[in-house]
Amino acid sequence: MSRDYSSIPPPPMEKFERAEKFRYDTTIKEPSRRWQREDTIVCWTPQPVGKGGMRDCYLVWEADENLGRPTQMIGKVFQQDVKATLEDYMNEAITQCVADTFAQAYNKQGVEHKVSFLACYVVIMSKRGPNGEKTVFTMEPMLRGIYEKHNNNVGQTFTDNPTADAFSHFTYGHSGNKLLVCDLQGVGGMYTDPQIHSLSSGDEFGLGNLGAEGIRKWVASHKCGPLCTAMDLQPFSHTPSPARRGAAPKAPPPRSGGPVPPPQLGPQIPINHNQMVQEMANTFRRASSHHHIQRQPTVPAGQQHQAERVSSERDIDKAIKESLMLEQRRNLLEQQREQELLKKVMTLSLQET
């Protein structure tokens, strides 16, 4: 499937509105500073671009207020029957960012075809509705080319592309068998809209996180190929069990393509700005060890439910630490192998002389 919207002219600048754009950056060592905020101006359009299992896509323009050069972007909104909250939008952004962190590790395995994920932003429009509503959506650069969906979040495969399944297998092992990145789709090796299943059965990776059940379904359907063998990925000998602290989450419908809905405006969420900033500040404290926006106010007293997810937060932190330790051990083993090989070469050289 290939779409080209390059012929659509940008809207006049007076149509643009002020907005706040939030980006999650895993490269920043200080957890409390990983949410980065920028001011921007955007123009939401009723031009539909695509439809997924839970979200619809529309054409959005973003411009530099000083240069006035609009750029085509994609705005993604949850469908009305999903009943999404601001937290759900931010979970989508963190999922895509974490998936790209896995992609960077995957690309270091000596694979021929590299992969990456688009940058994903949470955008909050500054203009208020009659009841204090704010328009909220996720935004990312527009992909151009032949768009393919390789697999979904319940283990189904739609193409014969070996990279997608090998990458998913890699993420499972690289995370210490705690996380699995799937629902891979995009143009070439540039992916978007992934899903992460976590063994902890938490909701930190969005509404599509099926927990241990999602991992089990993917494992059951996966067949290792040459790429898995080349990376020394271990064949699956077992399937994970749901976390003890609760049953596996109910699975939403599999993500798939479908007809584009009638044009409509972006979602409006009845929540005041201060509450939005507070919720943005605290969303990924549960998932990524106390991440928040620098200018966030104090946490509302009514969010006691966060305490119930402390175990999930620790599971994710532990998985990330374990994956980093695993990569360090691999690098150390490679260095030891190189040294042993060098010793053998020198020994043989001395014997010949």
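Residues numbered from 1 in each chain as written. Predicted model: local features only at pLDDT ≥ 70, side-chain atom pairs only at ≥ 80, totals over all residues. Heavy atoms only, no water.

Draft legend 1. Representation of the overall build of the chain in the model. What the chain contains, in helices and strands, is 6 helices and 14 strands. Contacts in the chain between residues at least 24 apart in sequence constitute 63% of all its contacts with a sequence separation of at least 6. Accessible area of the chain: about 18100 Å², with a carbon and sulfur share of 52%. (Helix = DSSP H or I, 4+ residues; strand = E, 2+ residues; numbered from the N terminus. Contact = heavy atoms within 4.5 Å. Areas by Shrake-Rupley, 256 points an atom, 1.4 Å probe, with all protein chains shown as cover.)

Draft legend 2. Structural view of the pairing of strand S5 (residues 71–78). With 7 of its 8 residues buried, S5 lies for the most part within the structure. Judged from the 8 bridges that link them, strand S4 (residues 55–63) and S5 form a sheet pairing that is antiparallel. Pairing of Asp56 across the sheet is with Val77, part of S5. Examined bridge by bridge, S5 and strand S8 (residues 134–141) share 4 bridges and lie antiparallel to one another. If you follow Gly75 over to S8, its bridge partner there is Met139. (Buried < 20%, exposed > 50% of the residue type's maximum accessible area, 1.4 Å probe, protein only. Pairing = 2+ DSSP bridges.)

Draft legend 3. Quick peek at the environment of Leu199. In this fold, Leu199 is placed in the loop between strand S13 (195–198) and helix H3 (211–221). Overall, Leu199 belongs to the partly exposed group, its relative accessible area being 22%. Note: C-alpha distance between Leu199 and Asn177 (22 residues apart in sequence) is 7.9 Å.

Draft legend 4. Molecular detail of the side chain of Gln195. Mapping Gln195 onto the fold places it in strand S13. From its side chain, Gln195 meets the backbone oxygen of Phe205 in a polar contact 2.9 Å long. (Polar contact = N/O pair within 3.5 Å; in protein donor to acceptor, adjacent residues only side chain to side chain.)

Draft legend 5. Highlighting the packing of aromatic side chains. Enumeration over the complete set of coordinates arrives at 8 aromatic pairs. Ring centres 5.4 Å apart and planes at 40 degrees place the aromatic pair Trp44 and Tyr58 in the tilted group. Of this pair, Trp44 sits in strand S3 (residues 35–51) while Tyr58 is found in strand S4, placing the two residues 14 residues apart along the sequence. Each member of the pair, Trp44 as well as Tyr58, carries the same accessibility label: buried. Here the aromatic residues Tyr106, Phe117, Phe167, Phe170 and Tyr191 are joined through ring pairs into a cluster of three or more. (Phe/Tyr/Trp six-rings, centres within 6.5 Å; stacked < 30°, edge-to-face > 60°.)

Draft legend 6. Broad picture of unusual backbone geometry. Even without glycine at this site, Asp183 takes up a positive phi of about 55 degrees. Within the secondary structure, Asp183 sits in the loop between strand S10 (179–182) and strand S11 (185–187). On the basis of relative accessible area, Asp183 is assigned to the buried category, the value being 0%. Phi is positive for Asp232, which is not a glycine, with a value near 60 degrees. Exposure remark for Asp232: the relative accessible area of 61% places this residue in the exposed category.

Draft legend 7. Broad picture of helix H2 (residues 162–174). With 13 residues, H2 extends 18 Å from end C-alpha to end C-alpha; this agrees with the ideal 18 Å at 1.5 Å per step. Taken across its 13 residues, H2 has 11 buried, putting it largely inside the fold. All of the buried residues in H2 are Thr163, Ala164, Asp165, Ala166, Phe167, Ser168, His169, Phe170, Thr171, Tyr172 and His174. If you check the start of H2, you find a side-chain oxygen 2.8 Å away from the backbone N of Thr163, and it comes from Asn161. Just downstream of H2, Gly176 is the residue with a positive phi angle, here 75 degrees. (Expected span 1.5 Å × (residues − 1).)

Draft legend 8. Local environment of the environment of Lys223. Along the polypeptide, Lys223 turns up in the loop between H3 and helix H4 (226–230). Overall, the relative accessible area of 74% leaves Lys223 in the exposed class. Along the sequence, Lys223 and Phe236 sit 13 residues apart, while their C-alpha atoms lie 9.2 Å from each other.

Draft legend 9. View of empty space enclosed by the protein. This structure, assessed with the given rule, holds 1 cavity of 30 Å³ or more. Taken together, Asn151, Gly155, Gln156, Thr157, Asp165, Trp218, Ser221 and His222 make up the lining of the largest cavity. (1 Å grid on protein atoms, 1.4 Å probe; cavity = no way out; pocket = protein on both sides within 12 Å on 5 of 7 lines; lining within 4 Å. Points joined across faces, edges and corners; volume = space filled by probe spheres on them.)

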